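Observations on chain architecture
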Amino acid sequence: MNEKARALLQKLSEIRVKLLGLASDATEETRAALTTELVNTETAFQAALAEAPEAPEARGGGEGAEFRALEARVSPLEYLAAASEFRAATGPNAEYNQALKLPVNEFPLRLLAPPPPPEERTTTAVDVALRPHGWVDRLFAASAAMYLGADMVEVAPGSASFPVTTGGGTPAQRGKEQTTAAAAWTIGVTEVDPKRMTLHYEYAIEDDARVPGLEAALLRDMRMALTERVDWTIFNGDDGATPNDGDVDGIFGLADVDETDVTQADKASTGILAAFTNLLDGLYAVVPSDLRVVASVGADRLWRSSIVNSAAENQTVARFLAENGVMYRSRAGIDTATADGDYAAAVGLQRGIAGALKCAMWPSARIIRDPYTGADDGQVKLTIHALWCPAYVRKDNLKVLKFVT
C-alpha cells in the first residue's frame, strides 16, 4: 500500500467517526455532505490501491522478514470490530489482506487458525491429547449485488433518504428578445428505515474446551453468513415466511422493474441474444458492455452446455453471447431451475447506475457475546445484528429476464 492509499484510509476512518458522532439534531445537509465525502473517498482509496506497488507477499512456506513483521502487527480484534461495524479492516490488517491478495473485508484464515504445534501424546495408549491442525470454514455463495451495481453506503442513525430527479424540461431554441417559460421539474425521495437481520448461535463451554478455536470459527461463520445473506436478499427479498415490518423487497418480484420474457424456444438458442440486446435503449445502456448480468445457476448451466449455430462450430450459448459482447456471471441461490416461470437473470444497466441501487447499512451492527443467560446450563450465546435496507432509487437501471412458455 502506497502513501496515498494510507492517507485515504486514514481519511475514511475520520469521516466514519464524524458520521457516528453527529448529534441527533444535525441537519440533513451535514449528513448528506459527509456521506458524499465518504463515497468519494472510498472511490479514491480503491483507485489508489489499484495503482499501489505490491505489498510484501507471503511466499509459500518461506515468508520474508518484512511479511512476518507485518503479520506480527495484525490484530484479530480489528477484524472482529470491523465485522461488528460492517466495514473493512484498516491499518496493518488492510495491508496484511493486500499481501495475501484478499479483499480488505475478509478474514484471513491463516491468522485465525494458524498451524498448531505438533500433536501432544502421553506415554500411554489411552490418555491421548490432540490439537486440531486447521479449520475448514463453511463455503458461501460469491457476492454479486455489487457487480450488478449495488452501492453499499453507511448511513447515520435515523431513516435514510435518497433524492432523485425524476423529470425536467427540454431546452428550446429562441430568438432575440423571445421569452422562455419556466419548465416543469419533478424530484422524488426514496426513504428506507432500518431492517434487522440477525443470526444467533449457542455453544457449550465443554465444546469450547474440547475444540480449540470454536468461538472464533463461529464468529467468522456468522460474519460471512450475514454478508452472503444481505447479497442474496437484494436479489430475492425476504419476508421470513411471515410478512411484517421487517420485510425486504428484492429485485426479482419488485414492482416497476421491467421483465423481459424469454420463450422456451429462445432460451438456449441464438434468440437469447435478442433478449439482451433489446435492453440497449441508448440511454441507460448503449453497448453490450453496459449490461451487468447475474444469471441463475440453472441458466448458466444451460448456456454452457447448449450448442448453437451449426454442430460443426461446437459453439455454446455462453460463448455465442460472449462473442457478441454480453458477459455474465452466475450466483447460487437466485433460482436454480430453467423451467417455465423461473427467473433467468438480473441485469444492471450501467449508465447512471451509481446511486440508482443503494444498500443502506446502519452503523449499529454488532456482535453480542452473552455467557450469563445460559450460565446455569453452561451455554454461551453469540448473536450478530445488522441493520440495513436496500433502496431502489431508480428502477429503470434494473431489468429481469424470465423464462416463459
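The structure reproduced in this document is the subject of the present report.

Description of the overall build of the chain
For the chain, the helix and strand inventory stands at 12 helices and 16 strands. Taken across its 405 residues, the chain has 40% of its residues classed as buried. Accessible surface computed for the chain: about 21,600 Å², of which carbon and sulfur atoms make up 53%.

Quick look at the packing of helix α3 (residues 65–73) against helix α5 (residues 92–99)
For the pair α3 and α5, interaxial distance at closest approach is 9 Å and the crossing angle is 135°. The angle between the axes of α3 and α5 places the two elements in the oblique class. In this structure, the crossing between α3 and α5 has a hand that is left-handed. Contacts between α3 and α5 involve Phe67, Leu70, Glu71 and Arg73 from the first element and Pro92, Glu95, Tyr96 and Ala99 from the second. Taken together, the residues of the contact of α3 with α5 sort by class into five nonpolar, no polar and three charged.

Thoughts on the state of the cysteines
Here the structure, examined in full by the defined rule, presents zero disulfides. Cys389 supplies the cysteine sulfur nearest to Cys359, a cysteine that is in no disulfide, at a spacing of 8.2 Å. For Cys359, a relative accessible area of 0% corresponds to the buried category.

Examining the pattern of salt bridges
Summed over all chains, the structure comprises 14 salt bridges. In this structure, Asp207 and Arg210 form a salt bridge, with 3.3 Å as the shortest nitrogen-oxygen distance. Here the residue Asp207 and the residue Arg210 both occupy positions in helix α8 (residues 205–210), the gap between them amounting to three residues, near one helical turn. Owing to a relative accessible area of 60%, Arg210 belongs among the exposed residues under this scheme. Salt-bridge contacts for Asp231 lead to Arg331; the nearest nitrogen and oxygen are separated by 2.6 Å. You can see Asp231 sitting in helix α9 (residues 214–236) and its partner Arg331 sitting in strand β11 (residues 328–331), a full 100 residues away along the chain. For Asp231, a relative accessible area of 3% corresponds to the buried category. Residue Arg331 is classed as buried on the basis of its relative accessible area of 1%. Beyond isolated ion pairs, a larger network of salt bridges with shared partners links Glu228, Asp231 and Arg331.

Quick notes on the rules
Numbering of residues starts from 1 in each chain and follows the order in which that chain's sequence is written. Thresholds applied to this predicted model are a pLDDT of at least 70 for local features of residues and 80 or more for the giving and counting of side-chain atom pairs; totals over whole chains, interfaces and linings are not thresholded and use all residues. Just so you know, side-chain values use all the structure's heavy atoms and leave hydrogens and water out. Think of it this way: any DSSP run of H or I at least four residues long counts as a helix, any run of E at least two long counts as a strand, and we number them from the N terminus. Exposed residues in this analysis have more than 50% of their type's maximum accessible area, buried residues have under 20%, and partly exposed residues fall in between, with area computed by a 1.4 Å probe over protein chains only. Each accessible area is a Shrake-Rupley estimate made with a 1.4 Å probe; only the visible protein chains count as cover when residues are assessed. Axis angles are defined between N-to-C directions and span 0 to 180 degrees, where every axis is a line fitted to C-alpha atoms and, for a helix, only to the segment in contact. An angle below 35 degrees is read as roughly parallel, one above 145 as roughly antiparallel, one from 65 to 115 as roughly perpendicular, and any other as oblique. Two helices crossing with the near one rotated counterclockwise from the far one by less than a right angle form a left-handed crossing, whereas a clockwise rotation gives a right-handed crossing. Contacts were defined at the residue level, with two residues in contact if any of their heavy atoms lie within 4.5 Å. Residues were grouped as follows: Ala, Val, Leu, Ile, Met, Phe, Trp, Tyr, Cys and Pro as nonpolar; Asp, Glu, Lys and Arg as charged; and all remaining residues, including Gly, as polar. In this description, a disulfide is simply a cysteine sulfur pair whose atoms lie within 2.5 Å. What makes a salt bridge here is a side-chain nitrogen of Lys or Arg within 4 Å of a carboxyl oxygen of Asp or Glu, nothing more.

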